[in-house]
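The residues making up each chain are set out below.
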Amino acid sequence: MTQSPVWHPFTQHGLGDPVTLVTHSQGAALYTADGRRVIDAISSWWVTTHGHCNPRIMAAIAAQVQQLDQMIFAGWTHQPAEDLARELCRILPDALTRVFFSDSGSTAVEVALKMALGYWTHRGEKRDRIVVMDHSYHGDTIGAMSVGARGVFNAAYAPMLFDVGRVPFPGTDPQATLDVLEAECAAGAAAFIVEPLVLGAGGMLMYSPDILAEMRSVCARHGTLFIADEVMTGWGRTGTLTACEQAGVVPDIMCLSKGLTGGAVPLAVTMASEPIWEAHYSTDRTRTFYHSSSYTANPLACAAANANLAIWREEPVLERVAALGARQQVHLDGLSGHAMVRNARRCGTIAALELGDPDGSYLSDLGPRLLRRFREADLLLRPLGNTVYVMPPYCIDEPDLARIWAEIASAAEDLAAQ
C-alpha cells in the first residue's frame, strides 16, 4: 500500500488535499518533514496553551513514566490524580466539590449529561429534557452531538440522536433567548448546557457575561441544572481562568479539557457540585454512577495537568493572556474597516472575523480556498467556513503574530480585487 491507511478527522480525502507530516514542535511552531516552520495560529485545535513541548510539562511526563504509567481507576487511586483533584477544587469555585476524570471534551460532556439525568432519577423526579443553545458544539460522541447544532456534522447520524430543547443564540435580541429558556425551565427542564461567552465550532460566536449571568439566574429559579462546557473557553482563552468567572457564574457542573494539560496529552474532568454527588451516594448499588473508560485518570496525563497547574500558580499566565489579547486587538482593529471584513470581534485571546460573503457557511467554497492559502503560507489556520479566527499559544511572539495577521489582510485584499 503506497497511500497512507490513516483516515484523518474532518478531512475529505477525496479532494486530494495534502496531509502534512510534522516531525517536531516547539513554542508556537510546528516543523515539517520537508523543512518548513509552520506557525500554529489555532493552538492545534485549541489545546496548546503555554506552547508546544513546554519544558515543565515535558519533564513532569518524563518523570511519571518512570513510576506509574497506567492503572485501573475503579476502586484504586494514585497520587497524581489525588493532587490534581485537590488543586482543581482549590482554584475553581468552592461549590464544585467533586472531580470525575475522563479523557476528552466529548466524554466530559457525556459525563455531565449522565450526571444531570442521574441526579433527577435518583431524586425520584421525572425531569429528562436537556436544553441547548442554537449553533452550539459539544463534541462528536452521541450525547455530545445530540446537544449540539444539527447540520452537516451529524446529519448522517440523526436516528441516533435524542431530542432537546433549543434556545436562540443571544445576538441582537438576547431577551428572546432568555424568554425561551424561561419557558423551557418552567416546563421542568433537567439541565441547560452552554458554552460560556464563546461558541467555538459554531463560528466563534460571542456574547456578553451579563447574558451568561441572566441565563444562570433563569435556571436557578426553576431548579434546572446549569452545565458549563468550558472545554475550549477554560484555561485563559477568554481572558480569565474560566469564562464563567467573568459573569460571576458558578455552574452545577463544569466540563474542562484541552488546556487542562497545557495541551500536551488527553485528559478531561467533569466538576460537580455536592448535590450532584449526594444524589448518587448510597448503599444502594443501583445508584452507582456507571461511567468509565480504560484510561480514566491516566497517571501520565494527571502528571502533565499538575505541571500545568504549577505553571498557573508560579508564572504570570494571566499577564501573558492579557498581553496577547491586547496585541490581538491591535491587529483586529487594523482590519475591522476593510470592505471584505465583517463582524471583527475578540474575547480574551480569541479573535475572529468573517471574510467575503456575509452569508458564508461551513460548506462555503471560500473555507477550503483559505485553508489552502494559509497552508501554503506556512500557517496553521483552519477557517470555519468564511469565519477566520486566531487563537495561538500564549507564548507566541509579535513577529509570528504579525505574520498571521498580514496573511489574513492579504487574503482580504485579494477578495476585494476579485
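Residues numbered from 1 in each chain as written. Predicted model: local features only at pLDDT ≥ 70, side-chain atom pairs only at ≥ 80, totals over all residues. Heavy atoms only, no water.

Details of the domain arrangement of the protein chain
- Entries for the protein chain in the domain assignment read domain 1 (55–314) and domain 2 (316–417).
- Relative to domain 2, the C-alpha centre of domain 1 lies at a distance of 28 Å.
- Of the residues lining the interface, 19 residues belong to domain 1; the matching set on domain 2 comes to 19 residues.
- Roughly 1600 Å² is buried in total at the junction of domain 1 and domain 2, and carbon and sulfur atoms are behind 73% of that figure.
- Sorting the residues of domain 1 by area buried against domain 2 places M204, M206 and R237 first, and these three jointly supply 41% of that buried surface. (Domains from an automatic or database assignment. Contact = heavy atoms within 4.5 Å. Buried area = accessible area lost by both parts, 1.4 Å probe.)

Comments concerning the UniProt feature "binding site: pyridoxal 5'-phosphate" (unreviewed entry) in the protein chain
- As annotated by UniProt and renumbered to match this structure, "binding site: pyridoxal 5'-phosphate" (unreviewed entry) occupies G105, S106, D229, S293 and S294. Considering the C-alpha atoms alone, the annotated residues occupy 190 residues of sequence and remain spread out, their largest mutual distance being 23.0 Å.
- By secondary structure assignment, the location of D229 is in strand 10 (residues 225–229).
- Residues within four places of D229 in sequence aside, it is in contact with V109, Y137, H138, I193, V194, E195, P196 and C255. (UniProt positions renumbered as here; feature names shortened; annotations may be inferred. Helix = DSSP H or I, 4+ residues; strand = E, 2+ residues; numbered from the N terminus.)

Observations concerning the UniProt feature "binding site: substrate" (unreviewed entry) in the protein chain
- Here, UniProt's "binding site: substrate" (unreviewed entry) annotation points to W45, Y137, K258, S292 and R382. Judged by maximum C-alpha separation, these annotated positions cover 338 residues in sequence and are scattered in space, the widest gap reaching 32.4 Å.
- One can find W45 in helix 1 (residues 43–46).
- According to the relative accessible area criterion, W45 is partly exposed, its value standing at 37%.
- In this structure W45 touches P9, F10, K258 and R382, once residues within four positions along its chain are discounted.
- Among the secondary structure elements, S292 is positioned in the loop between helix 9 (274–280) and helix 10 (299–314).
- Taking the relative accessible area as the measure of exposure, S292 reaches 53% and is therefore exposed. (Buried < 20%, exposed > 50% of the residue type's maximum accessible area, 1.4 Å probe, protein only.)

Describing the packing of helix 11 (residues 317–335) against helix 13 (residues 398–417)
- Where helix 11 contacts helix 13, the two axes come as close as 11 Å, and the packing angle between them is 25 degrees. Judged by the angle between their axes, helix 11 and helix 13 are roughly parallel. Regarding helix 11 and helix 13, the two cross each other, and that crossing is right-handed. Here L324, R327, Q328, H331, L332 and L335 of helix 11 come into contact with helix 13, specifically with E398, L401, A402, W405, I408 and A409.
- Counted by class, the contact of helix 11 with helix 13 contains eight nonpolar, two polar and two charged residues. (Axes fitted to C-alpha atoms, helices over the stretch in contact; angles between N-to-C directions. Parallel < 35°, antiparallel > 145°, perpendicular 65-115°, else oblique. Left-handed = near helix turned anticlockwise from the far one by under 90°. Nonpolar A, V, L, I, M, F, W, Y, C, P; charged D, E, K, R; others polar.)

Considerations on the side chain of T238
- Tracing the chain through its elements places T238 in the loop between strand 10 and helix 8 (244–247).
- Note on T238: relative accessible area 3%, which makes it buried.
- If we skip the residues at most four places from it in the chain, T238 touches L197, V198, T233, A243, Q246, C347 and G348.

Remarks on the sheet that holds strand 15 (residues 379–380)
- With respect to topology, four strands assemble into an open sheet ordered 1-2-3-15, the strand pairing being mixed. Both edges of this open sheet fall to strand 1 (22–26) and strand 15, since each of them pairs with a single strand only.
- Direction of pairing for strand 1 relative to strand 2 (residues 29–32): antiparallel, over a ladder of four bridges. If you follow Q26 over to strand 2, its bridge partner there is A29.
- Contacts from helix 13 reach strand 3 (37–40) and strand 15 within the one sheet, and its direction differs from that of strand 3 by about 85 degrees. (Pairing = 2+ DSSP bridges.)

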